[in-house]
Amino acid sequence: MDLSTRYTPSEIEESTYALWKDSGAFQPPAPGEGSGRPFTVMIPPPNVTGVLHMGHALNGTVQDIVVRHRRKLGFDTLWVPGTDHAGIATQAVVEKKVYAEEQKTRQELGREAFLQRIWDWKEEHGNMILQQFQRLGCSCDWTRTAFTMDERLSHAVRVAFVDLWKRDLIYRGSRLINWDCVLQTAISDDEIEYEKRKGSLWHLRYPLTGRPGEFIVVATTRPETMLGDTGVAVHPEDARYKDLIGSTCRLPFVDREIPIVADDDVDAEYGSGAVKITPAHDPADYERGKRHRLAQINILEKDGRINAEGGPFAGLTREEARKQVVAKLDEMGLLEKIDKIEHNVSVSDRSKSPVEPMISEQWFVKMQPLAAPAIHALKQGWLQFRPERWGKVYLHWLENVLDWCISRQLWWGHRIPVWYDADEVPVASVEDLKIGDTHPTTGKPIVRQDPDVLDTWASSWLWPIATLGWPDKSSSDLQRFYPTQFLSTASEIIYLWVARMVMAGYAFMDELPEEQRNPFSTCYIHATVLDAKGKRMSKSAGNGIDPLDMIAQYGADAVRFSLILLTKEGQDVRLSPDRFEQGSRFCNKIWNAARFVMMNMAGERKAGSPVLEDRWILSRLAGTTKLVSAALDEYRFNEAASEMYRFVWNDFCDWYVELVKSRLTGADAESAAYARGTLVRVLRDILGLLHPFTPYVTEVLWQQLHEVIGEAASDLLIRAPWPDAAGIGADAQAEAEMGLIQDAVTSVRRVRALTMIGERKSLQAVVSAPAEEVRAVLERYRGTIANLAYLGELEISAAAERPAGSAVSVAAVLRRSCCSAPTWTSPVSSKCSKAAKRRRKRACRPCSANSRTRLSWNAPTPRWSRANGPARPSCARRSRCWRAIRTWVDGRRRPEEAGGIDPCHESGSGADLNCPPNENMRPVEPVGGAGQREPRPPTDKTQATPEVSLRCSVTRLS
RNA sequence: GGGCGAUUAACUCAGUGGCUAGAGUGUCUCGUUUACACCGAGAGAGUCGGGGGUUCGAAUCCCUCAUCGCCCACCA
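A few points on the structure.

Criteria and cut-off values
Residues numbered from 1 in each chain as written. Chains lettered and ligands numbered in written order. Predicted model: local features only at pLDDT ≥ 70, side-chain atom pairs only at ≥ 80, totals over all residues. Heavy atoms only, no water. Axes fitted to C-alpha atoms, helices over the stretch in contact; angles between N-to-C directions. Helix = DSSP H or I, 4+ residues; strand = E, 2+ residues; numbered from the N terminus. Parallel < 35°, antiparallel > 145°, perpendicular 65-115°, else oblique. Left-handed = near helix turned anticlockwise from the far one by under 90°. Contact = heavy atoms within 4.5 Å. Nonpolar A, V, L, I, M, F, W, Y, C, P; charged D, E, K, R; others polar. Phe/Tyr/Trp six-rings, centres within 6.5 Å; stacked < 30°, edge-to-face > 60°. Buried < 20%, exposed > 50% of the residue type's maximum accessible area, 1.4 Å probe, protein only. Expected span 1.5 Å × (residues − 1). Pairing = 2+ DSSP bridges. Core = buried A, V, L, I, M, F, W, Y, C linked by side-chain atoms within 4.5 Å. Polar contact = N/O pair within 3.5 Å; in protein donor to acceptor, adjacent residues only side chain to side chain. Salt bridge = Lys/Arg side-chain N within 4 Å of Asp/Glu carboxyl O.

Where helix H21 (residues 637-665) contacts helix H22 (residues 669-690), the axes come no closer than 10 Å and their chain directions differ by 165°. The angle between H21 and H22 places the two elements in the roughly antiparallel class. For the crossing formed where H21 meets H22, the hand is left-handed. Taken together, the residues of H22 that come into contact with H21 (itself represented by Met 644, Phe 647, Val 648, Phe 652, Tyr 656, Val 660, Arg 663 and Leu 664) are Ser 671, Ala 672, Tyr 674, Ala 675, Arg 676, Thr 678, Leu 679, Val 682, Ile 686, Leu 689 and Leu 690. For the contact of H21 with H22, the class distribution of residues is 15 nonpolar, two polar and two charged.

This is the structure we're talking about:
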């Protein structure tokens, strides 16, 4: 065995990943060979242009943990990977690249050639992000890798489109849409961002018709749109304008006479109280325009320049037009004033350019009929969000959903499968129609296909069904793996993606029972990854931490484990690079713990054991297994990871390994054999339980361990059954006794540290405990305690050793000891509360300037010098009294049976006189009574911890 | 404007009415013993954001205020 003392992830990660991949472990068993219990997860397909960021890394880790856990539990587990063609993003990337390399725009290249360039690019770079997921250790079934523009998925998109067409859920409409002038496409409402910008509110004077020299003043943030105005609206009750309602004014430049109308919608308080109406370029005006039957005049070209309607300004860009319009108005004396304001500007989230609302012909999907079953699914509980509160977000969107504009004026994407005849009569078809083919409904020749493509989400909403083979409903994957169980994604795509997938499930899987059409039973919304200052990590802000750098530096396991340890369900996480050190150290700890085990495997191994520490660690293992399994079942990853961290580091390494060392070299062969058996047992289960979190290191150690102990591993760890704590159970006695030993050892160590006695075997300690049972246990394990505390001798005493004077502090004792006194004494009560210490500290202030403040907790206190008795019961004591009474009243346990929790008798100090200390504290009636609180069941803790009070003194032997 | 979340040790966070509020990092002291110095032992560090209330008991439940963050809607 040649394990180095340091775990170096880079040496093993690549080969281990290959080992898994080649073994076929990532694929579910062939049909008929598995357990018949499917478990399916669909990866949220990242953009092909994407690069792995921390959000991906977290999401990949979450999914991989679930998948690996379920696989080990024996489910037929499938995790489908893939990428999204991401229309605008990808087209923009390649367009830029082509222009940089060839100085050609896409228009110059032509549609066919440009699309070919994108495909070339995709072949070359499109798998990058999936490879990065592999670096993270994700155990996806790569044989099923999908791409939203694959032939199969493209076919699904067409079938879905035509299906909706036939159901009359698709229509073409002239609507005010959001136009991105840079990318020259319509974008959906969900692709708009609002940016707070400083701007101006221009007050313009429109001359009133027939009243020379009189004006109506309108306020606007976009003065250039005045060229398209077809009306002015005022509030009907506004006294300033009441008499103008019904009259008209003249629009400068274009010299149009437009009416002044009354509309309740107008806020008389804002601006001038009069609002210009530009129905073709503003959503609110669009509605007002319709109400008052005003004309819609489009003044913009597709690229954002002013068109012929703009009269003298035709051909200018919108920015230029704004300047000139304002300047000219000013010249003409028609500019009343300019207010500086801060307002929200709607900006395209892709190009960051201001969105222009425009009237345009687009394709829409009627959403309400599709949304209804998706709402129902959540309300029925078929779909559950975690954390649950995201369900409200989902519902809110669905209940207020607007029709979905699905056409995009792009080239990269699924071309809309609609063809027209010469009369512009459209028809949708799954199969390609050619120019000249007969139009199926009109019988006339087809003259053209719709040039637009579909919104990216029109393919990704089919992801769970299309990747499994839909529309081929006989597909075995579809039958076997749909619906899926778990979807993990980011909160910002709940509407864009999650809700639409649910709609698609209901719309297209109509032969399944209602509940099973729902595409995933749990939608897990993972944390948002923020930087150390609490800002969202983003490429543009430049505050991102590259997960690949972190993997290179600390290893994939460390990155995964750290992320999970930091990420409590539903809570955003602040990240800085050094956070990954915790995971890295943990991996190293596991590595070395395993190393220790393997270094001690020479000799017989026996299972089970009468030895206390063996019984203890096995009992702890059983408890941990139960807790971790339950946490993973319910997707509480952070809890599971913390518990493993604690168990491995504190229980196994800090105590068990230390306890077992002397036995391994000792003369008692049988005891050593039990130790070896237990070490192997616990280590194997630890590796199994940790595998979903830290797959690489556990897999490698699993292989090594089996080599060392000379047993062939039954399988790779990735497929080995989930540890089930078979044959071991909780051993309350072992845990309680072990607790006493730990307390005793800690007491001695504390005295040693505080008094700074460096000596070891030459020392004798006296540990005193008032309770006889406690002494009996300590007596039994005297050797063990002495061993762990590096003592020559240990005496167990009933008498409370007290410092010479109760006011004496450790510091004082120490000083004396330096001169002559042979004895260091320190009263030590186990589990001395930090809060209590602080209270004491406050009580004994002021400390003298040169005394060692940090030791001053040692002043006598009610807590440990009970003989004096507290003056009155402490708050804690009172509350424990109350609990004891209720426990007794509940009939669960009598106080004396309640494991020593009866505080009234705990010290024999007479502290029970005031119990119950407050006359309001009465036992509650055990039964009945409206509004009565459900009694808490006693916890394990209350049963397990006997009251311990230990003190320790240390004496030099010589 | 509407909704959601956060506020606990110097930092990052656990802690859903009950035992003395915990962990990791950082700090201080001591330490090389069958794995691990990415280690071990020990210590110091908290008015649980403020204020009210409910309760025998509140970090936890309710009200309120403050600060920070996210999402949605958006007034020209």
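Still to come is the rest of the account.
For the coordinates displayed, the defined rule picks out 30 aromatic pairs. For the pair Tyr 171 and Phe 364, a centre-to-centre distance of 5.4 Å together with 15° between the ring planes defines the contact as stacked. With Tyr 171 in strand S5 (residues 170-180) and Phe 364 in strand S14 (residues 355-365), this pair connects stretches of sequence that are 193 residues apart. Accessibility expressed as a relative area gives 18% for Tyr 171, which makes it buried. Relative to Phe 637, the ring of Tyr 635 lies with its centre 6.2 Å away and its plane at 50°, an arrangement referred to as tilted. Phe 637 gets classed as buried once you look at its relative accessible area, which sits at 2%.

With 19 residues, helix H2 (residues 54-72) extends 27 Å from end C-alpha to end C-alpha; this agrees with the ideal 27 Å at 1.5 Å per step. Across the 19 residues that make up H2, a large majority, 19, are buried.

Mapping Thr 489 onto the fold places it in strand S22 (residues 484-489). You can call Thr 489 buried: its relative accessible area is 2%. Among residues more than four places away in sequence, those in contact with Thr 489 are Pro 44, Asn 59, Trp 497, Val 498, Cys 523, Tyr 524, Ile 525 and His 526.

Taking strand neighbours across the sheet as the criterion, the four strands line up as S10-S11-S9-S12 in an open arrangement whose pairing is mixed. Each end of this open sheet is capped by a strand with a single partner; those strands are strand S10 (248-251) and strand S12 (274-277). Within this sheet the neighbouring strands show an average axis-to-axis angle of 30°, counted without direction. When strand S9 (residues 231-234) meets strand S11 (residues 256-262), the two strands line up parallel, connected through three bridges.

Attention shifts here to the nonpolar core. Ranked by internal contacts, the top residues of the largest apolar core, which has 192 residues, are Met 54, Tyr 394, Leu 462, Trp 470, Phe 508, Phe 637 and Phe 652. It is H21 that provides the largest number of residues to this core, a total of 14 residues.

Here the focus is the sheet that holds strand S16 (residues 404-405). Read from one edge to the other, the open sheet built from four strands follows the order S6-S5-S14-S16, with strand pairing classed as antiparallel. Each of the sheet's edge strands pairs with one partner strand only, and the pair in question is strand S6 (185-187) and S16. Sheet topology places S5 next to S14; eleven bridges connect them, and they run antiparallel. Bridge pairing links Ile 177 to Met 358 in S14. Along the sheet face, helix H8 (residues 283-291) touches S5 and S14 and points at about 135° away from the line of S5.

Residues spaced three or four apart along an α-helix face the same direction, because each turn holds 3.6 residues. Counted at 1.5 Å a residue, the expected span for H22 with its 22 residues is 32 Å, and the 31 Å between its end C-alpha atoms agrees. Of the residues flanking the start of H22, the one acting as N-cap is Asp 668, its side-chain oxygen 3.1 Å from the backbone nitrogen of Glu 670.

Looking now at the environment of Leu 176. Along the chain, Leu 176 turns up in strand S5. Considered as a pair, Leu 176 and Glu 124 are 52 residues apart in the sequence and their alpha carbons are 39 Å apart. Setting aside anything within four residues of it in sequence, one finds Leu 176 in contact with Pro 279, Ala 280, His 281, Asp 282, Pro 283, Tyr 286, Pro 357, Met 358 and Ile 359.

Pro 387 follows Arg 386 through a cis peptide bond whose omega is -10°. Relative to the elements of secondary structure, Pro 387 occurs in the loop between strand S15 (384-386) and helix H11 (390-399). The amide bond that connects Trp 470 to the next residue, Pro 471, takes the cis arrangement and shows omega of 10°. Its place among the elements puts Pro 471 in the loop between helix H13 (463-466) and helix H14 (476-481). Positioned with a positive phi, Asp 168 is a non-glycine residue whose angle comes to about 65°. On the secondary structure map, Asp 168 appears in the loop between helix H7 (151-166) and S5. At Arg 293, a position not held by glycine, the phi torsion is positive, near 50°. Tracing the backbone through its elements, the reader meets Arg 293 in the loop between H8 and helix H9 (318-331).

Once that is clear, we can look at the packing of helix H10 (residues 368-379) against helix H15 (residues 494-508). With their axes 8 Å apart at the nearest point, H10 and H15 run at an angle of 105° to one another. Here H10 is positioned roughly perpendicular relative to H15, judged by the angle of their axes. Contacts from Leu 370, Ala 371, Pro 373, Ala 374 and Ala 377 in H10 reach Val 502, Met 503, Tyr 506 and Ala 507 in H15. Taken together, the residues of the contact of H10 with H15 sort by class into nine nonpolar, no polar and no charged.

Taken as a whole and assessed by the stated rule, the structure comprises 53 salt bridges. The partner of Asp 64 in a salt bridge is Arg 68, and the shortest N-O contact between them spans 2.7 Å. Of the two residues, Asp 64 and Arg 68 both sit in helix H2, four residues apart, roughly one turn of that helix. Comparing Asp 64 with Arg 68, the two get one shared label, buried. Across the salt bridge formed by Glu 399 and Lys 379, the nearest N and O atoms sit 3.4 Å from each other. Of this pair, Glu 399 sits in helix H11 while Lys 379 is found in helix H10, placing the two residues 20 residues apart along the sequence. Residue classification places Glu 399 among the partly exposed positions, given a relative accessible area of 43%. Here Lys 379 falls in the exposed class, since its relative accessible area comes to 56%. Through salt bridges with shared partners, a single network forms among Arg 222, Asp 282, Arg 318, Glu 319 and Glu 356.

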